[in-house]
Amino acid sequence: MKTTKSKLLIRLITLLTLTLGIVYASNIITPKETLRQVPYSLMSTAQLQAEVEKLSTKGELPFEMGLELIKRWQSEASQVH
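Presented here is an overview of the structure given in this document. Remember, predicted model here, so these are calculated numbers, not experimental data.

## Points about helix α4 (residues 63–80)
Across its 18 residues, α4 extends 26 Å between first and last C-alpha, which sits within 8% of the 26 Å expected from 1.5 Å per residue. Those residues of α4 that sit buried are M65, G66, L69 and R72. Buried residues in α4, looked at end-on, bunch into an arc of 120°, giving them a common side. With respect to the buried face of α4, the exposed residues turned more than 90 degrees away are F63, Q74 and S78. Taken together, the buried residues of α4 touch α3 (45–58).

Okay, here's the thing in structure tokens:
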């Protein structure tokens, strides 16, 4: 009888530990880009460039934001020629 209770207790503790570990890891790994959705399409190129420079100096520049700025620079350069 005691072995059944101790096995049940060990299983419950193991399940609780795994569950808490998964919840903790899922909160840590959440990307910063999903926390704040920046409407890049609504920004002017100058505003986007200022935001990219600011985030870049902090080391928090999302890849998509830098890519959007590069696309805009390319489209502006192709319109000049």
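## Some remarks on the side chain of T45
Mapped onto the elements of the fold, T45 is located in helix α3. Apart from residues no more than four positions distant in its own chain, T45 is found in contact with L69, R72, W73 and E76.

## Side note on the nonpolar core
Formed by Y40, L48, V52, L55, M65 and L69, the largest nonpolar core amounts to 6 residues. Elements that contribute at least two residues to this core include exactly α3 and α4. Per element, the largest residue contribution to this core is 3 residues, and it comes from α3.

## Topic: the packing of α3 against α4
Two numbers describe how α3 lies on α4: the axes approach to 10 Å, and their chain directions differ by 140°. Judged by the inter-axis angle, α3 sits oblique to α4. Between α3 and α4 the crossing geometry is left-handed. Here α3 contributes T45, L48, Q49, E51, V52 and L55 to the contact with α4, which in turn contributes M65, E68, L69, R72, W73 and E76.

So, how was this worked out
Residues numbered from 1 in each chain as written. Predicted model: local features only at pLDDT ≥ 70, side-chain atom pairs only at ≥ 80, totals over all residues. Heavy atoms only, no water. Helix = DSSP H or I, 4+ residues; strand = E, 2+ residues; numbered from the N terminus. Expected span 1.5 Å × (residues − 1). Buried < 20%, exposed > 50% of the residue type's maximum accessible area, 1.4 Å probe, protein only. Arc of directions from axis to C-beta. Contact = heavy atoms within 4.5 Å. Core = buried A, V, L, I, M, F, W, Y, C linked by side-chain atoms within 4.5 Å. Axes fitted to C-alpha atoms, helices over the stretch in contact; angles between N-to-C directions. Parallel < 35°, antiparallel > 145°, perpendicular 65-115°, else oblique. Left-handed = near helix turned anticlockwise from the far one by under 90°.

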